[in-house]
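# Working through the structure, step by step
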There are 2 protein chains.
Amino acid sequence: LKGVLLAAGLGTRMGNLNIPKGLLKVGGREIVYRTIYYLRKFGINEFVVVVNEFSEEWYKKFFDRLGIRAVFVLNRHPERGNGYSLYLARTEVNENFVLFMSDHIYSEEFIEKALNGQGLVVDRIGKFVEEKEATKVKVNNARVEKIGKDLTDYDFFDTGFFVLTPEIFKFAEEVVKNKSEGEITLSEIIETAKVPVHEVSGEFWMDVDTQEELKRANCEVVKQSVKDSEDGIVSKYLNRKISTRISCYLVDKITPNQATLLTFLIGILSGLVAFFNVPLGGVIYQVSSAVDGIDGEIARSSLRTSKLGGYLDSVLDRFVDAFFLIALSVHLPGSVLSSVLTGLSIFGSVMVSYTTERYKGAFGESPFKSIPALKFFPGKRDERVFVIMLFCLLDKVFELFVFLAILTNLKVIYNLVLIYLKKSKEGGESGG
Amino acid sequence: LKGVLLAAGLGTRMGNLNIPKGLLKVGGREIVYRTIYYLRKFGINEFVVVVNEFSEEWYKKFFDRLGIRAVFVLNRHPERGNGYSLYLARTEVNENFVLFMSDHIYSEEFIEKALNGQGLVVDRIGKFVEEKEATKVKVNNARVEKIGKDLTDYDFFDTGFFVLTPEIFKFAEEVVKNKSEGEITLSEIIETAKVPVHEVSGEFWMDVDTQEELKRANCEVVKQSVKDSEDGIVSKYLNRKISTRISCYLVDKITPNQATLLTFLIGILSGLVAFFNVPLGGVIYQVSSAVDGIDGEIARSSLRTSKLGGYLDSVLDRFVDAFFLIALSVHLPGSVLSSVLTGLSIFGSVMVSYTTERYKGAFGESPFKSIPALKFFPGKRDERVFVIMLFCLLDKVFELFVFLAILTNLKVIYNLVLIYLKKSKEGGESGG
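Residues numbered from 1 in each chain as written. Chains lettered and ligands numbered in written order. Predicted model: local features only at pLDDT ≥ 70, side-chain atom pairs only at ≥ 80, totals over all residues. Heavy atoms only, no water.

How two helices pack is summed up by the angle between their axes together with the distance between the axes. For the pair helix α13 (residues 336-363) of chain A and helix α12 (residues 307-329) of chain B, interaxial distance at closest approach is 10 Å and the crossing angle is 170 degrees. Judged by the angle between their axes, α13(A) and α12(B) are roughly antiparallel. Two secondary-structure elements touch here, α13(A) through A:Ser339, A:Val340, A:Gly343, A:Leu344, A:Phe347, A:Met351, A:Tyr354, A:Thr355, A:Arg358, A:Tyr359, A:Ala362 and A:Phe363 and α12(B) through B:Lys307, B:Leu308, B:Gly310, B:Tyr311, B:Ser314, B:Val315, B:Arg318, B:Phe319, B:Ala322, B:Ile326 and B:Ser329. Residues belonging to the contact of α13(A) with α12(B) are distributed by class as follows: 14 nonpolar, 6 polar and 3 charged. (Axes fitted to C-alpha atoms, helices over the stretch in contact; angles between N-to-C directions. Helix = DSSP H or I, 4+ residues; strand = E, 2+ residues; numbered from the N terminus. Parallel < 35°, antiparallel > 145°, perpendicular 65-115°, else oblique. Contact = heavy atoms within 4.5 Å. Nonpolar A, V, L, I, M, F, W, Y, C, P; charged D, E, K, R; others polar.)

Residue and element names in this part refer to chain A. Together, Leu280, Val283, Val287, Leu390, Leu393 and Leu394 give the surface a local cluster of nonpolar side chains, amounting to about 490 Å² of exposed area. Broken down by secondary-structure element, the contributors of at least two residues to the nonpolar patch are α10 (278-290) and α15 (381-393). At 3 residues, the largest contribution of residues to the nonpolar patch is made by α10. Checked against the element boundaries, Leu393 lands in helix α15. What makes Leu393 partly exposed here is its relative accessible area of 43%. (Patch = residues over 30% accessible without salt bridge, like charges linked within 9 Å, V, L, I, M, F, W, Y side chains within 5 Å. Areas by Shrake-Rupley, 256 points an atom, 1.4 Å probe, with all protein chains shown as cover. Salt bridge = Lys/Arg side-chain N within 4 Å of Asp/Glu carboxyl O. Buried < 20%, exposed > 50% of the residue type's maximum accessible area, 1.4 Å probe, protein only.)

Moving on, we come to the interface of chain A and chain B. Chain A puts 57 residues into the contact, and the matching count from chain B is 57 residues. Linking chain A with chain B are 2 salt bridges. The shortest N-O distance in the salt bridge between A:Arg358 and B:Glu357 comes to 2.9 Å. At the boundary of chain A and chain B, one finds 15 residue pairs in polar contact (both at pLDDT 80 or more). Elements that contribute at least two residues to the side of chain A that touches chain B include exactly α1 (31-41), α12 (307-329), α13 and α16 (397-426) of chain A. With 21 residues, α13(A) is the single largest residue contributor to the side of chain A that touches chain B. Classifying every residue of the side of chain A that touches chain B by side-chain character gives 27 nonpolar, 19 polar and 11 charged. (Polar contact = N/O pair within 3.5 Å; in protein donor to acceptor, adjacent residues only side chain to side chain.)

Residues and elements named next belong to chain A. With 12 residues, helix α2 (residues 55-66) should reach 16 Å at 1.5 Å per residue; the first-to-last C-alpha distance of 17 Å fits that figure. Those residues of α2 that fall on the buried side of the exposure criterion are Ser55, Glu56, Tyr59, Phe62 and Phe63. Looking down the long axis of α2, one finds its buried residues gathered within 135 degrees of arc, a one-sided arrangement. Facing away from the buried side of α2 by over 90 degrees, the exposed positions are Lys61, Asp64 and Arg65. (Expected span 1.5 Å × (residues − 1). Arc of directions from axis to C-beta.)

Moving on: the state of the cysteines. Residues and elements named next belong to chain A. Summed over the entire model, instances satisfying the criterion amount to 2 disulfides over all chains. Between the sulfur atoms of Cys219 and its disulfide partner Cys248 the distance amounts to 2.0 Å. With Cys219 in helix α7 (residues 211-224) and Cys248 in helix α8 (residues 233-250), the pair connects residues that are 29 residues apart, well separated along the chain. What makes Cys219 partly exposed here is its relative accessible area of 25%. Cys248 gets classed as buried once you look at its relative accessible area, which sits at 17%. (Disulfide = S-S within 2.5 Å.)

On to a positive patch on the surface, then. All names here are of chain A. Together, Arg216, Lys223, Lys241 and Arg245 line one region of the surface with positive charge. Elements supplying a minimum of two residues to the positive patch: α7 and α8. Mapped onto the fold, Lys223 is located in helix α7. (Lys, Arg positive; Asp, Glu negative; His and termini not counted. Charge placed at Lys NZ, Arg CZ, Asp CG, Glu CD.)

Here it is as structure tokens:
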């Protein structure tokens, strides 16, 4: 399978751009980068790119930088439309191919499912689509009957993503022959060919035509990036609301590692403040927890996740937690009991994470996926931080340490027992 | 490749046995189990077993229990020797085969290397061999010239392990035809056939002929099991000397999990004692560290390692460490500084392990193998425990906590920096 990218459009609705539309960044990456990234993930490594005189140099540099093989086809008449661009690509494509636009973004799941079918990929739900602006599709006998923005009787939305056979070029040639001047839309060719439709409904994809949609796409990509997170309850209903808003602003501006450093510093700041002012320290601690997701969100949105990033994030969280508790412990009465409580609280806090992280190292799988019951006992970091803030607001430091010393260690034992039960039942000796 | 096991010998030198020699346990597993376990690991799954009237039932049950396919050949005249046993196996073997004895144990490395060659596997060094008792081999032109216990001019030791072609049966038939009565040794046939030799020198293998050798084999297997451990310096020169001696006694008596529980309880005991008596607590703590390796040694010796075992061992170590320090913290002056020191010490102690364990989870590799420099900064558990004991013996609890608070956290930062440098250099973004 080859990939054919139509990138000769003029993008007039974007206002004055000094860069081709497909190279605008959404979620920290060029629009076309995202699609190409996922296509490559699913084995498509050769591309044909139809460009216009303005976008040619831009795309050549872009593909060069990525080190991806691409053949460029110049459309000297971009005003003749994307159907004409497809027509021009015919000399470079002899096999089945994926046809995609430079102004659409898709999620990985969308592309995975789209590649499982043939024809025009359509979406019945159009979750992220403005109905008024969307291109609609009327289907007959599982084939395209009509396409257009103004259809009132329609079955699907057009996702702008196709899996086609070279047969389509015959129809393109026919349409071009009959119409030697004026715009030829892709829709015309698709309608003429009556290509089959392949339904992929409800997955994330967006058409980015205006500055406004660009902004919205940015935030949608960030939101999509937290979809599969194993969040605790505070994270889900509070922290993520905050962090995704910030991420959607920052995603084009800083790297994931910079975000890690930033949130780490806020965490350390919360500890420093807690030395002097417990309630304020607690609030900043909760703030640091609320923004703690930003690095991951930016990393996933911009397709820049790294194992090192995940590692650092997790280790630095432990530092922040311990530093904050040690700072708080200064407000405990100077007594043996205080030392014991501090020791227990810090131990329990780190060990909650240790039991699950060590699990990944030992068994090579996510503990929360293989043992969902681990989630039932609260005590994840987001929850812990939130409760710590509440105690701090009430200035109940001693009570907090009693609470933590008990709760975190119970959680650790709970984790251990569940893991032991699960894994000893699975049995399985492995020599070596 | 098939496996042919000669298990019709009478094992007279063992004294009176009520069980076939090959089913005696060494390192917690039957002698032949070990060989079969490794052979299967390298893809040999079908076995032919030559038994005598006594051993037949035993071996049938044994293979049944393991669920391994085996064909049994009955030798009604075991007194006619192992050459005769090989001769009897001829009807069941048409392909190349591995020939092995029921009274030899081999390491995994030995078997892996042995399978890479052809003929009689010989060892020039005979590290674990008593020269007087060993069978020697004189070689000419890379083929067996002479085999015997009494050779004075010899090149190799006979390891009792062969990789043979079915050709050997022609020679076996010839020898048997010429000698219709009396003992026929395997050596006679091998000599007659002038089979090639394949050198595998210096790896662990042993011939187990007497009760004494059985005992020695037990301990050797345990010692072999710690060969690749990533031990700290105290472990290497002190703890392992103690633990392997105990393991070689216990390996046939308790399971790895029972050993884990036992050493955990000694660790907890050390904490309980430390509440009342610091020096004694410290000594018991070091004892618990010295015996901490037993579960792993027993698990590896008896081919019973499990991921769960490794997981529990590592988590329970953290519990013991924290419990011991919390117990000790009771002897600190009741002050804010004490709370802080306790918090820092416990945090650092757990985090030394966290940084490396989390590494395994993130990168799926041993941190000590990919970043050897991690070992240069002391602070592994065995070293930490030993130093803690020294402080305890001097009753310097406050000094100990100052020392730990600094040392462990420096070690954590050292680990982090090394890991960051290594991994950020490797670069490599990975999407998803």
